[in-house]
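Residues per chain are reported as follows:
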Amino acid sequence: MVVHPALALLRLRGGLLSSDPVSQAAAAKITDVAIQAPIMQVGLYVGTMMSALSGCISAGTKGMDLIGCITVGLVTAAGGGTIRDVMLNRPPFWILHHIHLHISIWTSALTFLIWPAIVASGFKDTHLAFLWSDAFGMAAATVIGTHIGLQACSDTDNWLIAVLCGVCSATFGGIGRDLLCQEAPRALYAERSMYATPALLGAVSYTLLQLAQRSLPVGIPGWMLLIVPFSVTLSLRAAAWTYRLALPHWARKKPRAFNFFDSNKIEIRIRNEKLGESEVPTPKEFIQKVSKKLRDA
């Protein structure tokens, strides 16, 4: 049986949708020439590595041992894609393609062994390294997850499924990591900065570009299909932790049970009171810090 080239990506991350010619023809409507490029495949592997790195750093700072760090790193890297594949009735991608499993395990193990030496040498930005590695993995997972969702729903044109697949791929691994590390999941709480929103907007941007690709007489460059949603997700996540951007949320004035009839116990927060308070140094502050160190040296 000859398989349409448009399904090559699905072989990369978890198997074919169906051998039915109708399903293959529907999947061919989605433009995936750029996403099959070698640079994108390398990006997928780097995204897996970055996700495992963020998971291991989070577990290591909680005092976990080698097995714990590898477990959390593996859950972070493979959790979102696994849940996505299960929902789409597909074999989890890491079962058919063991390279992602090897990347996750070895990255976590090496990080566990090497990171304490890096910190001992004077590196003090462990939290910043965690944030950037997590953001890079999130951006890569958003693009690939949304694309797989588009392939899965191309015969029904239900684009909401594609967006949900992108968000699931990008955030559920982080939710598993935070739960294992006994922290409130960043994707669900707005105490620090928005987490799932950048993935949502990145998935929407990728879906809109694919829709435009189908309707416009002039095709959209392949690099734009990848770089735009990746950059949207990465930049919004970086802006969120830098400037403490968060969605509106409820905030209790007192640590008691919710009581909707007593305004002294609960309020609806319509603005983020911590907006502008940086979780990490802003780019300007970081440049000033580096410049000062160079002058002192």
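Quick notes on the rules
Residues numbered from 1 in each chain as written. Predicted model: local features only at pLDDT ≥ 70, side-chain atom pairs only at ≥ 80, totals over all residues. Heavy atoms only, no water. 1 Å grid on protein atoms, 1.4 Å probe; cavity = no way out; pocket = protein on both sides within 12 Å on 5 of 7 lines; lining within 4 Å. Points joined across faces, edges and corners; volume = space filled by probe spheres on them. Helix = DSSP H or I, 4+ residues; strand = E, 2+ residues; numbered from the N terminus. Nonpolar A, V, L, I, M, F, W, Y, C, P; charged D, E, K, R; others polar. Phe/Tyr/Trp six-rings, centres within 6.5 Å; stacked < 30°, edge-to-face > 60°. Buried < 20%, exposed > 50% of the residue type's maximum accessible area, 1.4 Å probe, protein only.

**Student:** Can you help me understand empty space enclosed by the protein in this one?
**Tutor:** One simple way to see leftover space: roll a probe sized like a water molecule over the atoms. Counted according to the given criterion, the structure contains two cavities of 30 Å³ or more. Considered as a void within the structure, the largest cavity measures approximately 210 Å³ in volume. Around the largest cavity, the lining is made up of 23 residues, and of these Ser51, Ala77, Gly137, Ala141 and Ser169 lie nearest the centre. Of all the elements in the fold, those that place two or more residues in the lining of the largest cavity are helix 3 (38-61), helix 4 (66-87), helix 7 (126-153) and helix 8 (159-180). Looking at the lining of the largest cavity, the element that brings in the most residues is helix 7, giving six residues. When its residues are assigned to classes, the lining of the largest cavity shows eight nonpolar, 11 polar and four charged.

**Student:** What's the story with the environment of Arg244 in this structure? I'm lost.
**Tutor:** Residue position: Arg244 is located in the loop between helix 10 (222-243) and strand 1 (249-252). Note: C-alpha distance between Arg244 and Met194 (50 residues apart in sequence) is 7.8 Å.

**Student:** Please explain the packing of aromatic side chains as it appears in this structure.
**Tutor:** Overall, the coordinates contain three aromatic pairs when judged by the stated rule. For the ring pair Trp132 and Trp241, a centre distance of 4.9 Å and an interplane angle of 90° mean the geometry is edge-to-face. Of this pair, Trp132 sits in helix 7 while Trp241 sits in helix 10, and the two are 109 residues apart along the sequence. Among the residues examined, Trp132 registers a relative accessible area of 41% and is labelled partly exposed. On the basis of relative accessibility, which here comes to 1%, the residue Trp241 falls in the buried class. Ring geometry for Phe136 versus Phe230: centroids 5.2 Å apart, planes at 75°, classification edge-to-face.

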